[in-house]
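These are the residues of each chain, in order.
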Amino acid sequence: MNAVQTYRYLQPSALGATGLDLQTCGGPAANPRFFSGFLTAPAAAAAGLLAVAEVARTRYHQPVSPASLDPVVTGSRDRLRFESFSGCCGVYARMDVGPAGFDGDVVGHGTTNVDVNPPLREALARVGGIEPLHMAVGPDDLTVSTIDGAVVERKVPLPGRWLRGFAEVHVLTAGFEPRAEIPAAEAAAFLRRLPGAGDRSVLWALPAGRTLRLTSRPAPGAVCLAGAGRLAALRGLVRHARTLRVYGPAVRPGSPAVPSTWELDTGAMRLSLTLSPEPYRGFSGEGAALLALAADEVIDDAELVGALLSWDPTIDVAALADAAGLPDDRVRAALAQLGTAGRVGYDVADGAYFHRVMPYDAGRAERDNPRLVAARALVEQDAVRRDGEHATVRSGEEEYRVRRLPDGVLTCSCRWWARHQGQRGPCKHALAVSMVTAQAEVPA
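The chain goes by SWIM zinc finger family protein in an unreviewed UniProt entry, where it is assigned to Micromonospora musae.

This is the structure in structure tokens:
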């Protein structure tokens, strides 16, 4: 079932003589105001917001007519974060505006979405010069409602795939490390050399002096670049940037394609694009969050940790562990669980989680995941027979053998495992075995 979340705005966003007015929907109130002030780098901020909006309206795999999806914005004390997924859910974009990026106050906190309509995109594209740009994130203070219904309401459907994408991305990026950093001039030249839109090759970028060198094979220290044309959204901001930083998981010769994050830093703000392992793969189907969703033993910890989150720009795990009376590893597991409901994200630059609340109910990601639903059904049907470190799972008329490797990874004799070799998370049979094993290990 392709359920959608409907957003309503009081009126369209606009860029006028008094500044940029972004309309919101949802959050701690129906139409909250998060921020009112001047952006210290208006042209860079306009380019960054355009990039996030451009990703939201683009399908990089099998391009079709542009989507009309609005970025999500989170206000948290001293910064604003704008986030979006591409129409194919294979690119995650985020713009982080830090304290140096604005002259004003984040007067509210919470998560909502902002209306970036075609007229606003056109207006942002014309922003230039050095004069500060005023931004008000929230409804227009001068809006007047009359008995004739002068207030404008616009409805925008937001696919449930976005929530599953948020759930997957935070789990994947939490394992990333910085792999390279190059100056903006070299970054601009590197971006110009990349293949154009429609390229589906999987390349690998290796640090080479002050730039990056592309190869066709993985090697230690390399960063995967799948579908290089998907980095096009960075080009509008590169002239304002100081550096390009690249993040990814550790790889070795023969490694399969993996996700990666590419981040431009202007000093006042950061724009990052996280790419899925292959152009045709959307984050919503990666399966990285399945084990966190299935882990019943961390649900209570997640409820406790969630109650202690306070919209800090970054989450201090050690401080949170002290406040909760839990060890660090249990807090990290609880944060992974909270991320599957959109309540936390992960910032690779800070190496830390951050707090947000998506406009979905807490169980949405779990209900929308077919493998998790199927695995729970197998457990309820008592279809799992454990045999030491191995197990047999009966599904329909077939039986599948699940084996635990020395590194703890569960393999399966099913077609899913044969096709993906664990690169897209566990199959439903291995997931069911994990659930039964976890239940057996819970103290009576």
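Draft legend 1. Summary view of the pattern of salt bridges. Scanning the model with the defined rule gives 23 salt bridges in all. The residue Arg270 makes a salt bridge to Asp96 at a minimum N-O spacing of 3.9 Å. You can see Arg270 sitting in strand β19 (residues 269-275) and its partner Asp96 sitting in strand β8 (residues 91-97), a full 174 residues away along the chain. Here Arg270 matches Asp96 in class, with each residue buried. Ionic pairing is found between Glu399 and Arg394, a salt bridge with its closest N-O pair at 3.7 Å. It is possible to trace a salt-bridge network through shared partners that takes in Asp78, Arg79, Arg81, Arg94, Asp96, Glu181, Arg245, Glu263, Asp265, Arg270, Asp347 and Asp350.

Draft legend 2. Quick look at the pairing of strand β7 (residues 79-85). With seven of its seven residues buried, β7 lies for the most part within the structure. A two-sided burial pattern is seen for β7, the buried positions comprising Arg79, Arg81, Glu83 and Phe85 on one face and Leu80, Phe82 and Ser84 on the other. Relative to β7, strand β6 (residues 72-76) runs antiparallel, the two being bridged by five bridges. When the sheet's bridge partners are listed, Ser76 is paired in β7 with Arg79. Between β6 and β7, which pair antiparallel in sequence order, lie two residues; one of them, Arg77, sits at a positive phi of approximately 60 degrees. In terms of strand pairing, β7 meets β8 through six bridges, oriented antiparallel. Across the sheet, residue Phe82 finds its bridge partner in β8, namely Met95. Here β7 folds back onto β8 in antiparallel fashion, the turn holding five residues, of which Cys89 has a positive phi close to 65 degrees.

Draft legend 3. Focus on the side chain of Arg270. A residue is classified by how much of its surface remains accessible, and Arg270, at 11% relative accessible area, is buried. A distance of 3.0 Å separates the side chain of Arg270 from the side chain of Glu263, its partner in a polar contact. Apart from the residues lying within four places of it in its own chain, the contact partners of Arg270 are Arg79, Arg94, Met95, Asp96, Glu263, Leu264, Asp265, Asp347, Ala349 and Asp350.

Draft legend 4. Geometry of the UniProt feature "domain: SWIM-type" (unreviewed entry) in the chain. Under the UniProt annotation, the feature "domain: SWIM-type" (unreviewed entry) is placed at residues 400-438. For residues 400-438, the end-to-end C-alpha separation is 20 Å, with 44% helix and 21% strand making up the annotated structure.

Draft legend 5. Quick peek at the sheet that holds strand β16 (residues 223-226). Judged by pairing direction, the sheet is antiparallel, and its three strands sit side by side in the order β15-β14-β16 without closing on themselves. Each edge of the open sheet carries a strand with a single partner, namely β15 (211-215) and β16. For this sheet, the mean inter-axis angle between neighbouring strands, taken without regard to orientation, is 40 degrees. When strand β14 (residues 202-208) meets β15, the two strands line up antiparallel, connected through five bridges. Bridge assignment links Ala208 to a residue of β15, and that residue is Thr211.

Draft legend 6. View of helix α2 (residues 118-125). Considered for burial, the residues of α2 that qualify are Leu120, Arg121, Ala123 and Leu124. The buried side chains of α2 occupy one side of the element, clustering within an arc of 165 degrees when seen end-on. Counted as exposed and oriented over 90 degrees from the buried face of α2: Pro119, Glu122 and Ala125.

Draft legend 7. How the structure looks around the nonpolar core. Among the nonpolar cores identified, the biggest contains 54 residues, and Phe82, Leu231, Leu234 and Trp262 are the most heavily contacted of them. Each of two domains, domain 1 (32-82 + 92-156) and domain 2 (161-283), supplies a minimum of three residues to this core. Not counting residues within four places of it along the chain, the set of residues in contact with Leu231 comprises Leu191, Leu194, Leu225, Trp262, Leu273 and Leu275. Listed in part, the 21 residues of the second largest apolar core include Leu372, Val384, Ala430 and Leu431.

Draft legend 8. Spatial organisation of empty space enclosed by the protein. All told, the structure shown has two cavities of 30 Å³ or more when counted by the stated rule. For the largest cavity, the calculated volume is near 50 Å³. In terms of lining residues, the largest cavity is bounded by Tyr92, Arg94, Val169, Thr173, Thr261, Ser272, Thr274, Tyr346 and Val348. Residue classes in the lining of the largest cavity are distributed as four nonpolar, four polar and one charged.

Definitions and cut-offs
- Residues numbered from 1 in each chain as written.
- Predicted model: local features only at pLDDT ≥ 70, side-chain atom pairs only at ≥ 80, totals over all residues.
- Heavy atoms only, no water.
- Salt bridge = Lys/Arg side-chain N within 4 Å of Asp/Glu carboxyl O.
- Helix = DSSP H or I, 4+ residues; strand = E, 2+ residues; numbered from the N terminus.
- Buried < 20%, exposed > 50% of the residue type's maximum accessible area, 1.4 Å probe, protein only.
- Pairing = 2+ DSSP bridges.
- Polar contact = N/O pair within 3.5 Å; in protein donor to acceptor, adjacent residues only side chain to side chain.
- Contact = heavy atoms within 4.5 Å.
- UniProt positions renumbered as here; feature names shortened; annotations may be inferred.
- Axes fitted to C-alpha atoms, helices over the stretch in contact; angles between N-to-C directions.
- Arc of directions from axis to C-beta.
- Core = buried A, V, L, I, M, F, W, Y, C linked by side-chain atoms within 4.5 Å.
- Domains from an automatic or database assignment.
- 1 Å grid on protein atoms, 1.4 Å probe; cavity = no way out; pocket = protein on both sides within 12 Å on 5 of 7 lines; lining within 4 Å.
- Points joined across faces, edges and corners; volume = space filled by probe spheres on them.
- Nonpolar A, V, L, I, M, F, W, Y, C, P; charged D, E, K, R; others polar.

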